[in-house]
Amino acid sequence: MVIEELKPSKRVRDRWLAVLEDGSILRVSRNQIADFALYAGRALSDEEADRLLQAIESENFRSYALRVVTDTPKSRKMLLKLLGEKNCQPERAEEIADWLEDIGLLNDGRYAADVVELYARKGYGKRKIRDELYRRGIPRELWDEALEQIEEEDNTSAIDAFLEKKLKGSHDPKDVKRASDALARRGFSWSEISDGLRRYGMEVYD
């Protein structure tokens, strides 16, 4: 592999274009230029070329992972799945996840707390929130600590507000059943729903 030309990219800062003798282009970083002593006219052995290509691929995966977790928080499991879909080898994906954890951009405990806070604020019950924690690949051992931030009065307020909004004073059994079913879908237990209906003024028999 011979580098015919090495020039800075006009589109991406700190990115350089290594134009090869066959016309193909490698996008390299300043660090890779220094590490591999790249310059126009440089001939790379097959071993050097392989190592350079691996370094470029690894940096591309890192850049992708960094962009993914900074755009929208992710669990470690979600990130590993996304990297796998990009054909990143499992061992390398684990190394990238470790790196992001080390620099504080990947934290399942913090992510679990954020998910719980978000869905509790939207008025969902613990069962629905547990489903969401599972869907997002957050380890089960982190669930209880994250769910501790939901106080019983939070559930009470959420149920009361939901019933007031949906029923608007109605005591029609059909309307009440629809509202109760909707609360169940939102992750509230029957005991929580029945208590809410009693506070609303309905007679409920367990």
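On a predicted model such as this, the values are computed, not experimentally measured, just so you know.

The rules we used
Residues numbered from 1 in each chain as written. Predicted model: local features only at pLDDT ≥ 70, side-chain atom pairs only at ≥ 80, totals over all residues. Heavy atoms only, no water. Pairing = 2+ DSSP bridges. Helix = DSSP H or I, 4+ residues; strand = E, 2+ residues; numbered from the N terminus. Axes fitted to C-alpha atoms, helices over the stretch in contact; angles between N-to-C directions. pLDDT = per-residue confidence, 0-100. Phe/Tyr/Trp six-rings, centres within 6.5 Å; stacked < 30°, edge-to-face > 60°. Buried < 20%, exposed > 50% of the residue type's maximum accessible area, 1.4 Å probe, protein only. Lys NZ or Arg CZ within 6 Å of the ring centre and 35° of its normal. Expected span 1.5 Å × (residues − 1). Arc of directions from axis to C-beta. Contact = heavy atoms within 4.5 Å. Polar contact = N/O pair within 3.5 Å; in protein donor to acceptor, adjacent residues only side chain to side chain.

1. Points about the sheet that holds strand β3 (residues 25–29)
Read from one edge to the other, the open sheet built from 3 strands follows the order β1-β2-β3, with strand pairing classed as antiparallel. Across the chains shown, the open sheet's two edge strands, defined by having one partner strand only, are β1 (3–8) and β3. Averaged over all neighbouring strand pairs, the angle between strand axes comes to 25 degrees, with direction disregarded. Sheet topology note: the strand β2 (residues 15–20)/β3 ladder contains 5 bridges and is antiparallel. Residue pairing in the sheet places Arg 15 in a bridge with Ser 29 of β3.

2. Considering the confidence of the model for the chain
Looking at the chain as a whole, the pLDDT averages 88, with 97% of positions reaching at least 70. Helix α8 (residues 152–167) is the least confidently modelled element of the chain, averaging 77 in pLDDT, while helix α3 (residues 76–85) averages 96, the highest of any element.

3. A look at the packing of aromatic side chains
Taken as a whole, this structure holds 1 aromatic pair when the rule is applied. Plain terms: the ring middles of Tyr 119 and Tyr 124 are 5.6 Å apart, the flat faces sit at 55 degrees to each other, and that makes the pair tilted. Overall, the relative accessible area of 11% leaves Tyr 119 in the buried class. Judged by its relative accessible area of 21%, Tyr 124 is partly exposed. Looking at Lys 122, its charged tip hangs above the ring of Tyr 119, at a distance of 5.2 Å from the centre. One residue, Arg 186, lies across the ring of Tyr 124, its end atom 4.2 Å from the ring centre.

4. Quick notes on helix α4 (residues 90–102)
A rise of 1.5 Å per residue sets the reference length of α4, with its 13 residues, at 18 Å; its end C-alpha atoms lie 18 Å apart and thus fit the reference within 8%. Of the residues making up α4, those classed as buried are Ala 93, Ile 96, Ala 97 and Leu 100. Taken around the axis of α4, the buried residues stretch over an arc of 100 degrees, which confines them to a single face. Residues of α4 that are exposed and point more than 90 degrees away from the buried face comprise Glu 91 and Asp 102. In this structure, the buried residues of α4 make contact with α2 (46–71) and α3. Looking one or two residues past α4, Gly 104 carries a phi angle of roughly 85 degrees, positive in sign.

5. Describing the pairing of β2
Within a regular strand, side chains alternate between the sheet's two faces. Counting buried residues in β2 gives 5 out of 6 residues, a clear majority hidden from the surface. Where β1 lies against β2, 5 bridges are found, and the strand directions are antiparallel. What sits directly across from Leu 6, in β2, is Ala 18. Turn length for the β1-β2 hairpin, with the two strands adjacent in sequence and antiparallel, is 6 residues, and the turn residue Asp 14 shows positive phi of about 60 degrees.

6. Quick notes on the side chain of Glu 132
Considering the arrangement of structural elements, one finds Glu 132 in helix α6 (residues 126–135). A distance of 2.5 Å separates a polar atom in the side chain of Glu 132 from a polar atom in the side chain of Arg 135. The residues contacting Glu 132, other than those within four sequence positions of it, are Val 115 and Tyr 119.

7. Describing unusual backbone geometry
A positive phi angle, near 70 degrees, is found at Asn 87, a position not held by glycine. With respect to the helices, strands and loops of the structure, Asn 87 is situated in the loop between α3 and α4. Its identity as a non-glycine residue notwithstanding, Lys 168 has a phi of 50 degrees, on the positive side. The topology assignment puts Lys 168 in the loop between α8 and α9 (173–185). What makes Lys 168 exposed here is its relative accessible area of 72%.

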